[in-house]
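# Descriptive analysis of the structure
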Amino acid sequence: MSDHTVSVSGLGYGRLHGLGLAGRSRRRLHDRTRRPAAHHGDRAFRRGRPDTCRLEKGARLEFTDGKIRSKAVPDGSHGRIMEWLTRRCVQARPELWLYRDQGLKVQAHRVGRARPDGELAPSGAFAGRGEWADPDPALMVVAVTSHDADTDQRDRVEMPRVYAETGIPLYLLVDRESRQVLVHSEPDGGRYAVRHSVSYGRRIRLPDPVGITLETERLKDWVS
């Protein structure tokens, strides 16, 4: 399932509430954000077509740059990569845990809502914090690319900027299309000052505050 972008003004109370945004009126949200051009996602929502039902049942909603997005549902290889990464991180740093799909409040003034594929943080860091947590405990956020039309703009362009703006120390991208692992570090405003990449099979160091070295040979088994 590919991503869909839905304008804020087309959303009901239930969806805004699910993103922790129901306390603000629709009018105020619409005034503070730029309305994207209508496309398939907007039309499907308004008409009540079947793909709207799929969004409600299986999608992971995010709110960044004034737009609500629906992320693609992970496939089996995506899940296997996250399992591998969890094992590597916990073996090296047993006091940490790689949380799956924990919602984070992001961007300036924490007005955005993002749901990374994983967040590396101290064990128990998000206990009792609800669906959308403050990002301060996160040492690193993780994205694994999906096979959808929006993954290039979302995972390679928009989300590095969002997480850098939030001040999260590291952004790790496992890019299945290019067969590369990329580490973004040293957030500086709306960008990461340092970006390092290696091809699958090469060793890569996750710098402080994570301090873990990954051997990426196994990723060659999960490129589908």
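One can find the structure itself at the top, above this paragraph.
Residues numbered from 1 in each chain as written. Predicted model: local features only at pLDDT ≥ 70, side-chain atom pairs only at ≥ 80, totals over all residues. Heavy atoms only, no water.

### Considerations on the side chain of S146
Counted only if it meets this: Secondary structure follows DSSP: runs of H or I at least 4 residues long count as helices, runs of E at least 2 residues long count as strands, and numbering of each begins at the N terminus. The buried label applies to any residue whose accessible area, calculated with a 1.4 Å probe on protein chains only, is under 20% of its type's maximum; exposed applies above 50%, and partly exposed to all values in between. A contact between two residues is defined here by any heavy atoms of the two lying within 4.5 Å.
One can find S146 in the loop between β9 (140-144) and α6 (151-166). The class for S146 is buried, based on a relative accessible area of 11%. Residues contacting S146, with those up to four places away along its chain left out, are A72, H78, T151, R154, D155 and R176.

### Some thoughts on unusual backbone geometry
For the bond running from D208 to P209, omega is 15 degrees, close enough to zero to count as cis. Here P209 shows up in the loop between β13 (203-206) and β14 (212-215). Positive phi is not limited to glycine here, since R110 has a value of about 60 degrees. Residue placement: R110 occurs in the loop between β5 (103-106) and β6 (112-114). With a relative accessible area of 25%, R110 lands in the partly exposed category. The phi angle at R179 is positive, at roughly 55 degrees, despite the residue not being glycine. Relative to the assigned elements, R179 resides in the loop between β10 (170-175) and β11 (180-188).

### Digging into the sheet that holds strand β7 (residues 118-122)
Definition in use: When DSSP finds two or more bridges between a pair of strands, those strands are recorded as paired. Lines fitted to C-alpha atoms define the axes, with helix axes restricted to the stretch in contact, and inter-axis angles between N-to-C directions lie between 0 and 180 degrees.
The strand order across the open sheet formed by six strands is β4-β7-β9-β10-β11-β12, and the pairing between neighbours is mixed. Edge positions in the open sheet fall to β4 (96-99) and β12 (191-199), since each of these has one partner strand only. In this sheet, neighbouring strand axes are inclined to one another by 20 degrees on average, regardless of whether the strands run parallel or antiparallel. Sheet topology places β11 next to β12; eight bridges connect them, and they run antiparallel. Paired with Q180 across the bridge in β12 is S199. Across the face of the sheet, helix α5 (residues 76-92) comes into contact with β4, β7, β9 and β10 while running at roughly 170 degrees to β4. On the sheet, α6 packs against β9, β10, β11 and β12 and is oriented at approximately 165 degrees with respect to β10.

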